[in-house]
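Structural features, examined
Residues per chain are reported as follows:
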Amino acid sequence: MEVVILPERAQIAALAADCVETLLKSKPQAVLGLATGSSPLALYDELAARHAAGRISFRRARAFMLDEYVGLPADHPERYRNVIEREFASRIDMAPDAVRGPDGLAADLPAACRAYDQEIRDAGGIDLQILGIGSDGHIAFNEPGSSLASRTRIKTLTPQTIADNARFFGGDRELVPRHVLTQGLGTIMDARHLVLLAFGRAKAEAVHQMVEGGVSAMWPATLLQLHAHATALLDEGAAARLQLAPYYRHAYAGKPPWQGL
Ligand code: GLP
């Protein structure tokens, strides 16, 4: 896994945006994987700004979301479909139907999950998957204990994730849905490039485990060690517990400019 540590959130967002821009230039019909949560917001702002400046077009691109709450009403502002629309899709020129997400209101949830995985396969797979990480090491909503081979399915949130996400529900844990649909770890691993963003000291232990711990379902993000092209973009807080931080900084500082992420 490539680890890049930078001081400013804006620098990290710009680097991730460079990656998306380079991909769209070489493959305008690229398939993006979109994450929710606060970590990708600066990236979405940067991409919207580059789109407004005429630098990038998403007109032919498609996108698949990582996860969704089960049972939130269609017009609920925290439904991930609505969050992605508000924070990203409405600010760029992607076709109206081009952003897909797991259907947390489906009558038959297992069937909807199977159909979602199939839809990703039919689209040719995800070229670039944007990821955040939970403080317990989850990615998407694959909580500790998740099968490392899992596909899109229903999961129960841990009390830790409910507490972490309560801030989006006015601080009230009771309002956070207990169940979610999430791309599985196996689904995420099928993406061709994984770009994970993490900010702040609260992520430091999860990031340390992800990069330097043993691969284990206890820290689902550790599975990224088995991906051939995974990039972790971290601020100083998120990188605070990395044992090999001096090496990661040294490697990035001496990276040949042609190499990209
Ligand atoms: C949420 C999302 C994840 C996200 C993570 C971290 O529960 N389902 O996709 O990466 O938790 O969130 P944040 O970026 O707000 O810290």
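Residues numbered from 1 in each chain as written. Predicted model: local features only at pLDDT ≥ 70, side-chain atom pairs only at ≥ 80, totals over all residues. Heavy atoms only, no water.

Digging into the sheet that holds strand E3 (residues 62–65)
Backbone hydrogen bonds hold the strands of a sheet together, and the pairing may be parallel or antiparallel. Applicable threshold: A pair of strands is labelled paired if DSSP reports no fewer than 2 bridges between them. A helix here means a DSSP run of H or I that spans at least four residues, while a strand means a run of E at least two residues long, and both kinds are numbered starting from the N terminus.
The sheet built from seven strands is open, its strands ordered E1-E10-E9-E6-E2-E3-E5 with parallel pairing. The sheet terminates laterally at strand E1 (2–5) and strand E5 (99–100), the two strands that pair on one side only. By the bridge criterion, two bridges tie strand E2 (residues 31–34) to strand E6 (residues 128–131) in an arrangement that is parallel. Within E6, the residue paired with Leu32 across the bridge is Leu128.

Focus on the site of the ligand
Our working rule: If even one non-hydrogen atom of a residue comes within 4 Å of a molecule or strand, that residue is called near it. Distance and chemistry together define a polar contact, namely a pair of N or O atoms within 3.5 Å, with one atom able to donate a hydrogen and the other to accept it when in protein, and with adjacent residues in sequence counting only for side-chain atoms on both sides. We get accessible surface area from the Shrake-Rupley algorithm with a probe of 1.4 Å; when it comes to residues, only the shown protein chains can shield them. When residue character is reported, Ala, Val, Leu, Ile, Met, Phe, Trp, Tyr, Cys and Pro are called nonpolar, Asp, Glu, Lys and Arg charged, and the others, Gly included, polar.
Taken together, 14 residues are adjacent to the ligand, and Ser38, Ser39, Asp67, Arg167 and Lys203 come closest. Contact distances for the ligand include 3.1 Å between an oxygen atom and a side-chain N or O atom of Asn165. Arg167 places a polar side-chain atom, nitrogen or oxygen, 2.7 Å from an oxygen atom of the ligand. In the complex, the protein chains occlude 95% of the 390 Å² of accessible area that the ligand would expose alone. Taken together, the residues of the shell around the ligand break down into four nonpolar, seven polar and three charged.

Some thoughts on the packing of helix H1 (residues 9–26) against helix H2 (residues 41–52)
Test applied: Convention adopted: a line fitted to C-alpha atoms gives each axis, helices being fitted over their contacting stretch, and angles between N-to-C directions are expressed from 0 to 180 degrees. Throughout, the term roughly parallel applies to angles under 35 degrees, roughly antiparallel to angles over 145, roughly perpendicular to angles from 65 to 115, and oblique to all others. Two helices that cross are described as forming a left-handed crossing if the nearer one is turned anticlockwise from the farther one by less than a right angle, and a right-handed crossing if clockwise. The criterion used for residue contact is that any of the two residues' heavy atoms lie within 4.5 Å.
Their axes nearest at 8 Å, the elements H1 and H2 cross at an angle of 55°. Comparing their axes, H2 and H1 come out oblique. Relative to H2, the crossing made by H1 is right-handed. Across the interface between the two elements, Arg9, Ala13, Ala14, Ala16, Ala17, Asp18, Val20 and Glu21 from H1 touch Ala42, Leu43, Glu46, Leu47 and Arg50 from H2. In the contact of H1 with H2, the residues fall into eight nonpolar, no polar and five charged.

Some thoughts on the packing of aromatic side chains
Rule in force here: Ring pairs shown here join Phe, Tyr and Trp side chains whose ring centres sit within 6.5 Å, with only the six-membered ring taken for Trp; geometry is labelled stacked below 30 degrees between planes, edge-to-face above 60, and tilted in between. Burial classification: accessible surface area is computed with a 1.4 Å probe over protein chains only, and a residue below 20% of its type maximum counts as buried, one above 50% as exposed, and the rest as partly exposed. Comment: the charge-over-ring label is applied if NZ (Lys) or CZ (Arg) is within 6 Å of the ring centre and within 35 degrees of the ring normal.
Counting across every chain of the model gives eight aromatic pairs. When the ring of Phe58 is compared with that of Phe88, the centres are 5.6 Å apart and the planes differ by 85°; the resulting orientation is edge-to-face. With Phe58 in the loop between H2 and E3 and Phe88 in the loop between helix H3 (80–87) and E5, this pair connects stretches of sequence that are 30 residues apart. With 5.6 Å between their ring centres and 50° between their planes, Tyr69 and Phe141 make a pair best called tilted. Taken together, the residues span a long stretch of sequence, with Tyr69 in strand E4 (residues 67–69) and Phe141 in the loop between E6 and strand E7 (153–156) at a distance of 72 residues. Each member of the pair, Tyr69 as well as Phe141, carries the same accessibility label: buried. Taken together, the ring pairs connect Tyr69, Tyr80, Phe141 and Phe169 into an aromatic cluster. Just above the ring of Phe199 sits the side chain of Arg9; from NZ or CZ to the centre is 4.0 Å.

A short note on the sheet that holds strand E8 (residues 179–182)
With antiparallel pairing, the three strands of this open sheet are ordered in space as E4-E8-E7. Either end of the sheet is taken by a strand with one partner, and the two such strands are E4 and E7. Along the sheet, successive strands turn relative to each other by an average axial angle of 30°, direction set aside.

A word on unusual backbone geometry
Positive phi, close to 50°, is recorded for Ala140, a residue that is not glycine. Mapped onto the fold, Ala140 is located in the loop between E6 and E7. A residue is classified by how much of its surface remains accessible, and Ala140, at 10% relative accessible area, is buried.

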